Amino acid sequence: MKYRTFGKLSWRPSALGFGAMRLPVVAGDPGKIHEEKATRALHYAIDHGVNYVDTAYPYHQSTSEPLIGRALKGGYRERVKLATKMPCWLVKEPADFDRYLEEQRSRLDTETIDFYLLHALHAERWHAVRDLGVLDWAERALADGRIGHIGFSFHDSYEVFQEIIDAYDGWTFCQIQYNYLDEENQAGTRGLKYAANKGLGVVVMEPLRGGMLAGNAGQRKGRGLPPTVQALWDSAGQRRKPAEWALQWLWNQPEVSLVLSGMSTLKQVQENIISANRSGAGSLNEDELTLVGRVRDEYRRLIPIPCTDCKYCLPCPNGVNIPRVFEIYNQAIMFNVPEHGRYAYANWLEEAERADNCLACGECETKCPQHIAIIEWLEKADQYLSAAKA
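Numbering of residues starts from 1 in every chain and runs along the sequence as written. The model is predicted, so local features are restricted to residues of pLDDT at least 70 and side-chain atom pairs to those at 80 or more, both for listing and for counting; the totals for chains, interfaces and linings are taken over all residues. In computing side-chain values, all of the structure's heavy atoms are included and hydrogens and water are not.

A. View of helix α8 (residues 188-197). Those residues of α8 that sit buried are Gly188, Thr189, Gly191, Leu192, Tyr194 and Ala195. Contact between two residues is taken to exist if any of their heavy atoms lie within 4.5 Å; hydrogens are not considered. Strands are runs of DSSP state E lasting at least two residues, helices are runs of H or I lasting at least four, and both sets are numbered from the N terminus onward. Looking at the buried residues of α8, the elements they touch are α7 (158-166), β8 (173-177) and β9 (201-205). Of the residues one or two after α8, glycine 199 is the one with positive phi, at around 90°. In this scheme, a residue with accessible area under 20% of its type's maximum is buried, one over 50% is exposed, and one in between is partly exposed, where area comes from a 1.4 Å probe on protein chains only.

Below you can see the structure in the form of structure tokens.
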């Protein structure tokens, strides 16, 4: 296993971290982890050098933390750094900080959580926990040894990311969504470099966009990558699977401390460990980086709606979440995964926010700086994403 640097700490993390959000399950039920398979995969990873395990309060309908606690018995706990996350959206009063931490320590059956994160911060959530005194609370939890280091995971704009980092000198690390399609999204490359320059370890999540950059989401339905993307990968002098290209692109950057992968099969663990073993900062040559750039550009070319998520179209008088509808539709088209898009539309979007609530008033179109024909695209998106209409 290759090992990297982690901000100002002397501890060296494995290039690959084990993410416990997509563990193998029974009969497709995310709340029923297949304990034997999950434990075997975790043990294999640790036996082959992985030393960072990441979970969170809500993963697998709150069954991930207890599973990880059991799986780390028999000497495995002492061989890894364990990370989990405060469910900030559930915090309503200062006492909740201790209440959830104690519940998580019990679930994980550990005295100290080595790396503790404020989960999924965005501007509103950050301001809420900040105003409830989370930073003073964190200082106490660090001092009494219940947590080893404090950080946060993040989903918002670069400006909010910078605000959070600058608000507290005690951050040890942060966790960002980052891959070759998200260079300019959320924290992005600017955020990666800003955090690293501030001495923070930077943990990368969603390196494969939930498996989509590997073609996994589509393959479950008999599909693969979009043909034009696959053709570009096939043209490479150095043959790699699409997943490895995405991982190596991340490991090529010295500011990346480790890459988390949510691995749901032992085969994925084995392949990713092999990939991590041949990783390194600066290991990709110019031709290889150019190829990744061409793949990125091809994915972007496949995006049908040029929405930048600026949100100028909001609020919609009829409650339609226009940017979210467009994001779901664009990803379904771009990654060739209509079933995934229809599932997201039905389950990840409130009924009142869906496109069929549009009354074609036109207010949004007068505000859109991209001059998108929003009404027309909302109708197309609803037709495509509504299973009953598809």
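B. A look at the layout of surface pockets. Cavity: a set of points on a 1 Å grid over the protein atoms alone where a 1.4 Å probe fits but cannot get out. Pocket: an open set with protein on both sides within 12 Å along at least five of seven lines, its lining residues, like those of a cavity, having an atom within 4 Å of a point. Grid points are joined across faces, edges and corners, and a volume is the space filled by probe spheres set on the points. Approximately 210 Å³ is the volume attributed to the second largest pocket. Lining the second largest pocket, in full, are Lys8, Leu9, Ile165, Asp166, Tyr168, Asp169, Trp171, Thr172, Lys198, Gly199 and Leu200.

C. View of the packing of aromatic side chains. Two rings from Phe, Tyr or Trp (for Trp, the six-membered ring) form a pair when their centres sit within 6.5 Å of each other. Planes less than 30 degrees apart are called stacked, planes more than 60 degrees apart edge-to-face, and all others tilted. For the structure on display, the rule yields 26 aromatic pairs. Measuring from centroid to centroid gives 6.5 Å for phenylalanine 152 and phenylalanine 154, while their planes differ by 80°, and the two rings are edge-to-face. Among the residues examined, phenylalanine 152 registers a relative accessible area of 0% and is labelled buried. Taking relative accessible area as the criterion, phenylalanine 154 reaches 0% and is therefore assigned buried. On the numbers, 6.0 Å between centres and 55° between planes, the contact of tyrosine 329 with tryptophan 377 is tilted.

D. Fine view of the sheet that holds strand β1 (residues 16-19). Here the rule is simple: two strands pair whenever DSSP picks up at least two bridges between them. Here we have 8 strands rolled up into a closed barrel, ordered β1-β4-β5-β6-β7-β8-β9-β10, and parallel in their pairing. Taking each pair of neighbouring strands and ignoring which way they run, the sheet shows an average axis angle of 30°. The pairing of strand β6 (residues 113-121) with strand β7 (residues 147-154) spans 6 bridges and is classified as parallel. The partner of tyrosine 116 across the bridge, within β7, is isoleucine 150. Inter-axis angles, ranging from 0 to 180 degrees, are taken between N-to-C directions of lines fitted to C-alpha atoms, where helices are fitted over the stretch in contact.

E. Just empty space enclosed by the protein, in detail. With the rule as written, the count across this model stands at 2 cavities of 30 Å³ or more. There is about 100 Å³ of room inside the largest cavity. Cys307, Cys310, Cys313, Cys368 and Ile372 are the residues nearest the centre of the largest cavity, which is lined by 15 residues in total. Considering every element that reaches the lining of the largest cavity, the biggest residue donor is helix α14 (residues 322-334), with 3 residues. Grouping the constituent residues of the lining of the largest cavity by class yields 11 nonpolar, 2 polar and 2 charged. A volume near 80 Å³ is recorded for the second largest cavity. Residue lining of the second largest cavity: 13 residues in total, with Cys316, Asn318, Cys358, Cys361 and Cys364 positioned closest to the centre. Residue polarity is assigned by list, with Asp, Glu, Lys and Arg as charged and Ala, Val, Leu, Ile, Met, Phe, Trp, Tyr, Cys and Pro as nonpolar; anything else, Gly included, falls into the polar class. Looking at the lining of the second largest cavity residue by residue, the class counts come to 11 nonpolar, 2 polar and no charged.

F. Region of interest: helix α5 (residues 123-131). Within the sequence span of α5, burial applies to Arg125, Trp126 and Val129. Taken around the axis of α5, the buried residues stretch over an arc of 100°, which confines them to a single face. Summarising the geometry of α5, the exposed residues directed more than 90 degrees from the buried face are Glu124 and Asp131. Considering only its buried residues, α5 is in contact with α4 (95-108), β6, α6 (134-143) and α7. Positive backbone phi, at 90°, marks glycine 133, one or two positions downstream of α5. The arc in question is the one spanned by the directions pointing from the helix axis to the C-beta atoms.

G. Representation of the pairing of β7 in the model. For β7, the buried fraction is high: 6 of the 8 residues fall into the buried class. Pairing between β7 and β8: 4 bridges, direction parallel. In the sheet register, glycine 151 faces β8, and the bridge partner there is phenylalanine 173. Between β7 and its parallel partner β8, the chain crosses via α7, and the hand of that crossover is right-handed. By convention, orient the strands away from the viewer: a clockwise path from the first strand over the helix to the second makes the crossover right-handed.

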